[in-house]
Each structure stands twice: as C-alpha cells, then as structure tokens.
Amino acid sequence: MGTGCILRHLRCHRRDRCCQGAGGCVTLPWDELGVTAGLQHRYREQEPRPTARDEQHRAPAVPAVAPAASPGVSSSWVGADDGVVKSVTIIGWPLMSFRPPSTPKPHHNWTLDPSGDWYYWWITVMVLPILYNCIVPICRLCFPEVQDQLPGLWLGLDTLSDVLYLGDIGVRLHTAFPEDGLLVRDRSRIRRRYLWSCSFCWDAASSAPLELLWQRPAARATRWLRARRLCEAWQRRETRAAHPGALRVAALLLGAVAALHGLACAYYALSVHLGLGSDAWVCPSGTGTWRRYLHSFYTATLLLATVGDTPTPHRVPELLFATFSFLLGVMAFATITGSIGAVAGATRGAWHRDAAAARRLLGPGELRRRLQRWQPEPALAAQQSTLRALPPVLREELAAAAHLQALSRVGVFQACERGVLRRLGLCLRPQAYGPGQPVCRRGHVGRHMFFIRSGRVAVLGNDGTTPVAVLGQGRYFGELSLIHIPGNRFGNRRSADIVSVGHSELFVLSKQDLLQVLAEFPGARAALEAEGRRLLQLTGLMDTKAEAAAAAAALRAQGLEEALAQLRLRVAALVAQLEATEGHLRLRVQRLEQRLEQRQQQRQQQRRDAVARGAQWGQAKGQSPGAAPRAQGPAGAQGTPRAQGPSRAARAQGTAGAQGHPGTGGHPKVQGPSGAGRALGYPRAQGPSRVQGPSGVQGPPRS
Ligand SMILES: Nc1ncnc2c1ncn2[C@@H]1O[C@@H]2COP(=O)(O)O[C@H]2[C@H]1O
C-alpha cells in the first residue's frame, strides 16, 4: 500500500465510510469477511489499469446494473465476524479503522478463538486433569494402600477432573474453527461440526462415568482417551514459546516418566501377584509404600532402558514381563532418538525463531493474531521453479499430472477431451491468495481467467462490499471479459469485484493462452460461451438489444460472405476460361505462322524457277544483245501472274491486312490484333481470316 493511500486512510480514519474510487480506499464488510483492510488495499492495484489501446476496445459504458444473486450459485456466506469495528495496528499505531456503513448491532456470540488467549489458557489448565488421570489412577490401582489412605482426596480430585472434562466439551462446543484461513463463529456450525466429528466420540467416551457401575480406580481408564488434548495443548504452548526446542525435550522427558511410572506400577502389581520378596526379581516386601514405589520405578527404568542390570527372571510371568519391557524399551529408545532429531531439525526451529521475532515486532493486536494464523505456501513456488528447470516434454507430462485432476473438476471442461486439459495444464500458473485479497477488480480490463484449485472466492456486488456469490473448489471465473460474448455490457472489462475469502489457491490462465486453446478446441469454446451467456442472463448483464443487433449483423455478414464466396468462384471460372482461350489462340497463331512460312518458301522457289526458265529461254533463242529480251517478270511473259508485284486490290488489302515486306524478301506481316486479340496481349495473333492470302505476298524483290 502506497503512502498516499495510508494518508488517505488516516484522513478518513473516523469516517463511517472510506473514500471510494480509483486509487482510493474501498470499504469492504470486513466484519463479514474477517479480512484486514490493509490486505485489501495492498492488492487492489494487482490488475493493471487499462491502457490506451484497451480504452479503444472498451465497452461503450460500464452500466450500473445490480447483479442479482444467481440462483445457480450458492450465495451463502460463512465466516461472519462479530460485526464490530476492525482496526489494523502496527507497533501501537492505529493505521486504519473501518466501520461498515450499516453495521448491525453487535450481539454477543460466545465463541472462543482457537488462537486466542482464552482458549490457550483453558487448554493449559486441561493439561492438569489429563495428566492426573494418566498418572494417579494406575498408581491407586496397583498400590491399594494409596487408594485406601486418602479416599476423600481422590474422590475430590476425581470429581474436579470430571467437571473439567465436561467443561472441556462445553468449550469445544463454543470454539470457532478456521475455514480457508477465516474463523467460523457461527455457533450452530461449530456445534454441528464438533458433534459430528471423531473428537466428540473420544471426548464422550473419556467422560463416561463408569465408576457408577464399577467403583474401582480402573474404571477411570477411559479418561486416558483425552490424552489427544494433551498433544494439542503442547503444540499451542510451542507456538508461544521462545524456546520450543526446550519445550519439546521437556515433553519427551515427561512422556518417558509417564511410561516408566506405568511400567513401575505394572511391575509392582506383578510382584504382588507373585508374592512380594518371593525371589530376587520381584519387589522386596517389608518396606514402606514410597520405598516400594521407588524400587519399582528403578527396576522399570532398568528394564525400559535395556541396561540389562536387573536380576535374572526365572518364572514365566517374570520372563514375559522382562521381555515385553525390553521390547518396549527398544521402541521407546527409537522414538526418543527420532524426537531428539526432530528437535534438532532446523526448519521448524527457524520458523519459530522468525515468528517469534515478528511477534515481538508487531506486539499484541489483530495483525499479530493474523500472522499466527498465516501459513506460507512454499509448495507453489517450489512447483514453479522445478517445472521451469525441466525439458518441455517432461514439463508437459508433469504439468498434466499435477493439474489434470484439478482441471477435470472444472464443470465446463468435464466433457472436454483430455487433449484440451493437457494443453490447458501446460499454460496454467498456480497462484495463492490470502484472506480478503482481491483477485479481479470491476471495470478493469480482463487479462486472465482463474480456476479455483482450493479455497473459496467471493463475487462482490455493485457496491463492492456485498458478496453475491461464493465460488468454491472446481469453479472458474474471469472468463466473461476474455471471450467475446455478443451483448455483454462490460465488453472486455471485469463485471465484478472478486476477493479471496480465505486462503485460496488458484490456477491463472492468460487471455492469449485461453484464446489459443479455444481456437484449437472449438467445442470447449462453445461450452464456455454458452456458460458465459447463461451467467450474463442470470446476472442481468446481457444487453438483449445489442445481442439481437449483433446476431442480425452476424447474419448479414454471413450472407455477404456467402455472396463473396460465390463471386470469387465465378471470377475463378472466368479466369480459367480466359486462360484456356488464350492457350488455344496461341496454338492457332503458331500453326498459321508455320503454314505461312511454308507457302512463302514455296513461292520463292517458284519465282527462282521462273527466273531460271526465262534465262534458259533467252539463251535458246540466241538473240542479239540489242534485241535481248528484258528480264521481265513472269507475268509479262509466261511467269505466273502471282509472282508479279501485288495488284492494286491486293495492295489495298495488304495495307489493311498482312503486307509483304519488300525489303525482307516479301515476308507477309501478320496483322496486329484488334479488339479481343489485343486485349489478350498478343499483338501478332490474328484470326486466320485476317491472315493475308497468297495475293498479299509481294512479288520478288527488285534486284
Ligand atoms: N453472479 C455471479 N456469479 C458467479 N460468477 C460471477 C458472477 N458475476 C460475475 N462473475 C464472475 O466474475 C468475473 C469477473 O470478471 P469477468 O467479468 O471477466 O468474469 C466474471 C465472472 O466469471
């Protein structure tokens, strides 16, 4: 939390309602949530503020529609606190205090906080009757003279311990219990939980008044069943002790002494049974009670410690007892060795050292109590770092193994193929949230979707304080702003504030990954969209007009797309036709050119032949040089009229059509294309009708 925020809080310290708005403080029903305000503010800014680009894509307006509690979603709220003003104090400084706008008049709810002082002192007191019942009745049973000497004292102590036992049941019926890191103070829930638990069975059995049926100290044997409470008391003592290691060693010694005491009593009872002083192994007779007890305790110590310095047993009961004691001793030795190792273990010691330092710094108060209840989540960080270090294939396998079970519990993915879940599992990032820590903030641009692995989150209403729904394990949220649902009034913005109720563990999936997965698996997308639409309709966040308009626009767009597709098809067919025609024409033009060339060659040959014949004819006549016939074209003599220069008509045609080129030996020029031919880009390709016939071929070049 920034300094500005703290100052703002200090300014509105005594107001009924904190300032609200972006960057300001938001009042939450702390008494309902049981959450520190500091946590709320600290994490308010967790989701990034919208960027300019996001602003462009934002929905037209964020409406002020009160989301109704959805019938399909549980809206029960647990963990309600006592409704008084909460404050956060650090080293004596009241940093902030909040009073909800409509705080109900606090009513006395007699419940004990299990981490509070009252409970701590009660359970410390309970150590005495439990120890009494574990140690004294067996002694009274095995040493009848002890029972007989002070019957009044034992009756009084028994009664007192029984009263305390019953009182303990009463205390347990009023002790709040933590759920997701929050205390449940609802008496009916506390009662129900205790009465249906195993603890109640043990407690009831340990308080059973069997002495009414059998007036012997052995009837109190069931009181031992309360020994579990002794362990709890010890653990609580440890959390407050400055030197928990020493406390554990003390507990170990106490346990050893109790075991030795029990064994000593059993040894004495066996000795009485075999006859006191009847051999060297049994307890000697003729001494006082205290002396006999000490002798028994000493022998039990030797037996249990497996020192082996005891007199040799001869009789069967003696042998059995000694063997049993040795076995017990071995087990006790192993237990003690292990416990000493645990005491020496650094991890817990370090935690306690840190916690003690933090407690000293924080002093008494709300924050200290919350710190005591706080449990770090080292597992998540370890998971992440381990996964990062692995090769991709192994990482995928591990991610699937780790997340598949949790993901398959998510309703919308239950029907999905395993491939979707595996793919999703690879993209998920676990994240832990503390009590009251915000996960999403209404109006912010959505960038992540969340799956609840454990714990619960509350969806807050429009006022940002009233929970409208509580989502538990296996549920998901934050999808509405990521997937495009036509008619969603909030568009790509969060439609509600979401806070973690207690300690919760979520899987976070980024928008990019979600869209990628949904693109690969359209079935999952359809399911998610259908579910989102249902939620929007239930919460009244669906703009039906916009939805209808979007549906109509989609229909129009679909029609246009279909028309466009048809148009594309027709164009493609035309292009194909054009290409075919073009190929065909090119082929024809080539063939015509070849034929033209052949004819031209033939005519040239004819012309050469005609000239040669003319020359022969002249020589054969033997004419004089003056009367030598002019080398006339064959047209003038006998030459083929075609070999002559082009006639006027032919020439006229030649200009329009293919004219022979005098300079190039009368090659006819193929007329350039016109119209479609030119459009084809083949200037020389002309239909055969345009290719000049032989009349177009010019006569032989003038030499
Ligand atoms: N009434 C509701 N019940 C359950 N979930 C809700 C309710 N209102 C909103 N949400 C979820 O809270 C999320 C807030 O962010 P989104 O709008 O992205 O998506 C929203 C839904 O997933």
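Residues numbered from 1 in each chain as written. Predicted model: local features only at pLDDT ≥ 70, side-chain atom pairs only at ≥ 80, totals over all residues. Heavy atoms only, no water.

**Digging into the overall build of the protein chain**
Here is step 1 of the chain: Scanning the protein chain from terminus to terminus reveals 23 helices and 14 strands.
Here is step 2 of the chain: Relative to its 703 residues, the protein chain shows a buried fraction of 37%.
Here is step 3 of the chain: Across the protein chain, contacts joining residues at least 24 apart in sequence account for 71% of those joining residues at least 6 apart.
Here is step 4 of the chain: A total accessible area of about 39,600 Å² is found for the protein chain, and carbon and sulfur atoms account for 61% of it. (Helix = DSSP H or I, 4+ residues; strand = E, 2+ residues; numbered from the N terminus. Buried < 20%, exposed > 50% of the residue type's maximum accessible area, 1.4 Å probe, protein only. Contact = heavy atoms within 4.5 Å. Areas by Shrake-Rupley, 256 points an atom, 1.4 Å probe, with all protein chains shown as cover.)

**Quick word on helix 11 (residues 244-274)**
Here is step 1 of the chain: Between its first and last C-alpha atoms helix 11 spans 45 Å; for 31 residues at 1.5 Å apiece the expected length is 45 Å, and the two agree.
Here is step 2 of the chain: Just downstream of helix 11 lies Gly275, where phi reads positive at about 110 degrees. (Expected span 1.5 Å × (residues − 1).)

**Observations concerning the packing of aromatic side chains**
For any pair of aromatic rings, the description rests on two quantities: the centre-to-centre distance and the angle between the ring planes.
Here is step 1 of the chain: Taken as a whole and assessed by the stated rule, the structure comprises 11 aromatic pairs.
Here is step 2 of the chain: Ring centres of Tyr194 and Phe200 lie 5.4 Å apart, and the angle between their planes is 80 degrees; this geometry places the pair in the edge-to-face category.
Here is step 3 of the chain: By relative accessible area, which is 5% here, Tyr194 ends up buried.
Here is step 4 of the chain: In textbook terms, an aromatic cluster arises when at least three aromatic residues are bridged by ring pairs, as seen for Phe143, Tyr268, Trp290, Tyr293 and Phe297.
Here is step 5 of the chain: One Lys or Arg, Arg193, reaches over the ring of Phe177 and ends 4.1 Å from the middle of that ring. (Phe/Tyr/Trp six-rings, centres within 6.5 Å; stacked < 30°, edge-to-face > 60°. Lys NZ or Arg CZ within 6 Å of the ring centre and 35° of its normal.)

**Observations concerning a positive patch on the surface**
Here is step 1 of the chain: On the surface, a cluster of positive charge is contributed by Arg588, Arg591, Arg595 and Arg599.
Here is step 2 of the chain: With respect to the helices and strands, the residue Arg599 is situated in helix 21 (residues 544-621). (Patch = residues over 30% accessible without salt bridge, like charges linked within 9 Å, V, L, I, M, F, W, Y side chains within 5 Å. Salt bridge = Lys/Arg side-chain N within 4 Å of Asp/Glu carboxyl O. Lys, Arg positive; Asp, Glu negative; His and termini not counted. Charge placed at Lys NZ, Arg CZ, Asp CG, Glu CD.)

**Some details on the sheet that holds strand 11 (residues 497-500)**
Here is step 1 of the chain: One open sheet holds the four strands; their spatial order is 6-11-8-9, and the pairing between them is antiparallel. Among the strands making up the open sheet, the edge pair consists of strand 6 (438-440) and strand 9 (467-471). Averaged over all pairs of adjacent strands, the angle between strand axes in this sheet comes to 30 degrees, irrespective of strand direction.
Here is step 2 of the chain: Judged from the four bridges that link them, strand 8 (residues 457-460) and strand 11 form a sheet pairing that is antiparallel. Across the sheet, residue Leu460 finds its bridge partner in strand 11, namely Asp497. (Pairing = 2+ DSSP bridges. Axes fitted to C-alpha atoms, helices over the stretch in contact; angles between N-to-C directions.)

**Overview of the site of the ligand**
Here is step 1 of the chain: Residues in contact with the ligand amount to 15 residues; listed here are only the nearest, Gly478, Glu479, Ser481, Arg494 and Ser495.
Here is step 2 of the chain: A distance of 2.9 Å is found between an oxygen atom of the ligand and a backbone nitrogen or oxygen belonging to Gly478.
Here is step 3 of the chain: Between Ser481 and the ligand, the recorded distance is 2.6 Å, taken from a side-chain N or O atom to an oxygen atom.
Here is step 4 of the chain: For the ligand, the accessible surface in isolation is 450 Å², of which the surrounding protein chains cover 98%.
Here is step 5 of the chain: For the shell around the ligand, a count of residues per class yields eight nonpolar, four polar and three charged. (Near = heavy atom within 4 Å. Polar contact = N/O pair within 3.5 Å; in protein donor to acceptor, adjacent residues only side chain to side chain. Nonpolar A, V, L, I, M, F, W, Y, C, P; charged D, E, K, R; others polar.)

**Considering the UniProt feature "transmembrane region" (unreviewed entry) in the protein chain**
Here is step 1 of the chain: UniProt records the feature "transmembrane region" (unreviewed entry) for residues 119-143, 246-270 and 319-344 in the present numbering.
Here is step 2 of the chain: Split by type, residues 119-143 is 96% helix and 0% strand. Its first and last C-alpha atoms lie 36 Å apart.
Here is step 3 of the chain: Segment residues 246-270 splits into 100% helix and 0% strand. End C-alpha atoms: 36 Å apart. (UniProt positions renumbered as here; feature names shortened; annotations may be inferred.)

**A short note on the packing of helix 7 (residues 151-173) against helix 9 (residues 198-206)**
Here is step 1 of the chain: Interaxial distance between helix 7 and helix 9 falls to 10 Å at its minimum, and their mutual angle equals 160 degrees. Comparing their axes, helix 9 and helix 7 come out roughly antiparallel. Relative to helix 9, helix 7 is oriented so that their crossing is left-handed. Judged by residue contacts, Tyr165, Ile169 and Arg172 of helix 7 engage Ser199, Asp203, Ala204 and Ser206 from helix 9.
Here is step 2 of the chain: Grouping the constituent residues of the contact of helix 7 with helix 9 by class yields three nonpolar, two polar and two charged. (Parallel < 35°, antiparallel > 145°, perpendicular 65-115°, else oblique. Left-handed = near helix turned anticlockwise from the far one by under 90°.)

**Thoughts on helix 20 (residues 522-538)**
Here is step 1 of the chain: A rise of 1.5 Å per residue sets the reference length of helix 20, with its 17 residues, at 24 Å; its end C-alpha atoms lie 24 Å apart and thus fit the reference within 8%.
Here is step 2 of the chain: Listed as buried for helix 20 are Ala524, Leu528, Glu529, Gly532 and Leu536. In a view along the axis of helix 20, the buried residues occupy a sector of 130 degrees, so they form one face of it.
Here is step 3 of the chain: In this fold, the buried residues of helix 20 make contact with helix 18 (418-427), strand 7 (448-454), strand 10 (476-477) and helix 19 (511-520).
Here is step 4 of the chain: Gly540 sits one or two residues past helix 20 and shows a positive phi near 70 degrees. (Arc of directions from axis to C-beta.)

**What to know about the pattern of salt bridges**
Once the charged atoms of two side chains with opposite charge are near each other, the side chains can pair.
Here is step 1 of the chain: This model, assessed by the stated rule, comprises 21 salt bridges.
Here is step 2 of the chain: Of the charged contacts in the structure, one is a salt bridge between Asp117 and Arg240, with a shortest N-O distance of 2.8 Å. Taken together, the positions of Asp117 in helix 5 (residues 117-142) and Arg240 in helix 10 (residues 227-240) put the pair 123 residues apart, joining distant regions of the chain.
Here is step 3 of the chain: Judged by relative accessible area, which is 26%, Arg240 ranks as partly exposed.
Here is step 4 of the chain: One salt bridge connects Arg586 with Glu582, and the closest N-O pair in it is separated by 2.8 Å.

**Describing the sheet that holds strand 5 (residues 429-433)**
Here is step 1 of the chain: Here four strands make up an open sheet; going across it, the order is 5-12-7-10 and the pairing antiparallel. The open sheet terminates on both sides in strands that have one partner only, identified here as strand 5 and strand 10.
Here is step 2 of the chain: Pairing geometry for strand 7 and strand 10, over two bridges, is antiparallel. Along strand 10, the bridge assignment pairs Phe450 with Phe477.
Here is step 3 of the chain: Those strands touched by helix 19 are strand 7 and strand 12 (504-510), and its axis lies near 65 degrees from that of strand 12.

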